[in-house]
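Geometric and topological summary
Each chain, written out:
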Amino acid sequence: MDAADPDLPDAAVEHISQMLTLAKSKHQEAMALLGTPDPNALPRLRAVLRLLEEVELLADDATSYVEAEVMRAAIKDLHFQQAAVQVAIARLENVKVQYPWATPWPWFTLIVLATLLAQVIG
């Protein structure tokens, strides 16, 4: 940052530093969510995508103050991560549409119906 524009006021440098710190924190949170297994990954992936979008906004804002090749490269990497998450979401949504039995809800419904029938018959 300092090498990019030594004329930036201290307040601007502090603001940029805070934005990048927050962006880094949100990015770490997003990456941690990616590593969390669960049977219904769509809500988690959507949360990851939302966090990555927030990171992008913060990084874009910081870049508006300071033009640095490192920032452009980081934003480019961030776009690749967002695209990968979007592809994963699309694939999971496609699987749910093609294979509704792959989700737990139809099975849960069948179990409830079987239990009710067993109670009526028994």
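Please refer to the structure placed before this passage.
A short tour of the structure in this document, coming up. (Residues numbered from 1 in each chain as written. Predicted model: local features only at pLDDT ≥ 70, side-chain atom pairs only at ≥ 80, totals over all residues. Heavy atoms only, no water.)

Turning next to the overall build of the chain. Scanning the chain from terminus to terminus reveals four helices and zero strands. For the chain, the α and β elements follow one another from N to C terminus as α-α-α-α. Each of the 122 residues in the chain was classed as buried or not, and the buried ones make up 24%. Look at the contacts in the chain between residues 6 or more apart in sequence, and 61% of them connect residues 24 or more apart. (Helix = DSSP H or I, 4+ residues; strand = E, 2+ residues; numbered from the N terminus. Buried < 20%, exposed > 50% of the residue type's maximum accessible area, 1.4 Å probe, protein only. Contact = heavy atoms within 4.5 Å.)

Okay, the environment of histidine 15 next. Within the secondary structure, histidine 15 sits in helix H1 (residues 10–34). Leave out the neighbours within four places in its chain, and histidine 15 touches Asp61 and Tyr65.

Each turn of an α-helix holds 3.6 residues, which means side chains three or four residues apart point in the same direction. For H1, built from 25 residues, the straight-helix expectation of 36 Å at 1.5 Å per residue is met to within 8% by its first-to-last C-alpha distance of 36 Å. Buried residues of H1: Ala12, Ile16, Met19, Ala23, Lys26 and Ala30, and no others. Residues of H1 that are buried sit in contact with helix H2 (41–65). (Expected span 1.5 Å × (residues − 1).)

Attention now moves to the nonpolar core. Ranked by size, the top nonpolar core spans 23 residues in total, and within it Ile16, Leu52, Val85 and Ile89 carry the most contacts. Of all elements in the fold, only H1, H2 and helix H3 (69–98) reach the threshold of two or more residues within this core. Counting residues per element, this core draws most heavily on H2, at eleven residues. Dropping the residues within four chain positions of it, leucine 52 is found in contact with His27, Ala30, Met31, Leu78, Gln81, Gln82 and Val85. (Core = buried A, V, L, I, M, F, W, Y, C linked by side-chain atoms within 4.5 Å.)

Counting across every chain of the model gives four salt bridges. For arginine 46, the salt bridge is made with glutamate 93, and the minimal N-O distance between the two is 2.2 Å. Of this pair, arginine 46 sits in helix H2 while glutamate 93 sits in helix H3, and the two are 47 residues apart along the sequence. For glutamate 69, the salt bridge is made with arginine 72, and the minimal N-O distance between the two is 3.1 Å. Highlighted residues: glutamate 69 and arginine 72, both in helix H3, separated by three residues, approximately one helical turn. When its relative accessible area of 54% is taken as the criterion, glutamate 69 is described as exposed. Among the charged side chains, a salt-bridge network with shared partners connects Lys26, Arg50 and Glu54. (Salt bridge = Lys/Arg side-chain N within 4 Å of Asp/Glu carboxyl O.)

Purely geometric stuff here, so don't read any function into it on its own.
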